[in-house]
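Here's the letter readout for the chains.
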Amino acid sequence: MELRTNRRRFLQTAGTGLTLSIAGCSAPVPSDGQAATDEQGDGSATVTIALEIDQETLQEKQTSLSEQLQNGSLNQTEAQQQLYAAEQELLGEAAATFEDRIASDERLSVAENAEEMGVLLVTGSADALIRTLGYPEVRGLFPETTFEDALTQAESTE
């Protein structure tokens, strides 16, 4: 049984864009010899944080649903709906964990939340944003525009 592929496909596409940016293939070049600066001008930036769900819990749910499928207590549609609901619950837990973790850090704030797509729009200092990569609930950092792309994709699949 497969997970919902839309979110995965989105993260794969975002990851490809990030890889190209890191490689310098699509990164903007500062004009007139001046260095690129952050949008706010105060050393902060806004990025999209992709959430990582608890894979062990998800695997347990998948195993349980597979067993229920095999013994006939669930049909394929019901199993997919339950798996989707479990994934959404785990994304909500990851978002809540992240928000709890940064609540006391005045250098970070969640500007917008689209946990149903597995992303948060977060503003903060560069060092604080990079430090979030060490959190188990953070899959990666992506450009701010990735958040809008996620919202657009969510609207188009509804």
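Just so you know, the residues in each chain are numbered from 1, in the order the chain's sequence is written. Only residues with pLDDT of 70 or above have their local features reported here, since the model is predicted, and side-chain atom pairs are shown and tallied only from 80 upward, although totals for entire chains, interfaces and linings are computed over all residues. Water and hydrogen atoms were dropped before computing side-chain values, which therefore reflect all heavy atoms in the structure.

Within a regular strand, the side chains alternate between the two sheet faces. DSSP bridges decide pairing: two strands pair if at least two such bridges lie between them. Labels follow the DSSP assignment, with helices taken as runs of H or I lasting at least four residues and strands as runs of E lasting at least two, numbered in each case from the N terminus. Two elements, strand β2 (residues 108-114) and strand β3 (residues 119-125), share 6 bridges in a ladder whose sense is antiparallel. Among the inter-strand pairings, Leu108 is bridged to a residue of β3, identified as Gly124.

Our next topic: the nonpolar core. Definition of nonpolar core: a set of buried residues of the types Ala, Val, Leu, Ile, Met, Phe, Trp, Tyr and Cys, connected through side-chain atoms within 4.5 Å. Buried residues are those whose accessible area, probed at 1.4 Å on protein chains only, stays under 20% of the maximum for their type, while exposed residues exceed 50% and partly exposed ones sit between those limits. In this structure, Ile49, Leu51, Phe98, Leu108, Leu120, Val122 and Leu129 are the most contacted members of the largest nonpolar core, which totals 23 residues. Elements supplying a minimum of two residues to this core: β1 (44-51), α2 (55-70), α3 (76-102), β3, α4 (126-131) and β4 (138-143). In this analysis, two residues are considered to be in contact whenever any of their non-hydrogen atoms come within 4.5 Å of each other. Setting aside residues up to four positions removed in sequence, Leu129 forms contacts with Ala45, Val47, Leu108, Val122, Gly124 and Leu141. Judged by nonpolar contacts, the second largest core, of 7 residues, contains Met117, Leu121, Phe147 and Ala154.

Now for the pattern of salt bridges. Salt bridge, as used here, is a side-chain nitrogen of Lys or Arg placed within 4 Å of a carboxyl oxygen of Asp or Glu. Within the structure shown, the criterion is met by 5 salt bridges. Between Glu52 and Arg139 there is a salt bridge, and its shortest N-O distance comes to 3.2 Å. In this pair, Glu52 is assigned in the loop between β1 and α2 and Arg139 in strand β4, connecting sequence segments 87 residues apart. For Glu52, a relative accessible area of 21% puts it in the partly exposed group. Overall, Arg139 belongs to the partly exposed group, its relative accessible area being 35%.

A separate point is the sheet that holds β3. One open sheet holds the 4 strands; their spatial order is β2-β3-β1-β4, and the pairing between them is antiparallel. Both edges of this open sheet fall to β2 and β4, since each of them pairs with a single strand only. In this sheet, neighbouring strand axes are inclined to one another by 30 degrees on average, regardless of whether the strands run parallel or antiparallel. The angle between two axes is taken between their N-to-C directions and runs from 0 to 180 degrees, where each axis is a line fitted to C-alpha atoms and a helix contributes only its stretch in contact. Contacting β1, β2, β3 and β4, α3 crosses the sheet at an angle of about 160 degrees to β2.

Among the structural elements, Glu137 can be located in the loop between α4 and β4. Each polar contact in these results corresponds to two N or O atoms within 3.5 Å; when the atoms are within protein, one needs to be able to donate a hydrogen and the other to accept it, and residues that are neighboring in sequence are counted only if both atoms are side-chain atoms. A distance of 2.8 Å separates the side chain of Glu137 from the side chain of Arg101, its partner in a polar contact. Here Glu137 is in contact with Ala50, Leu51, Glu52, Ala94, Thr97, Phe98 and Arg101, once residues within four sequence places are set aside.

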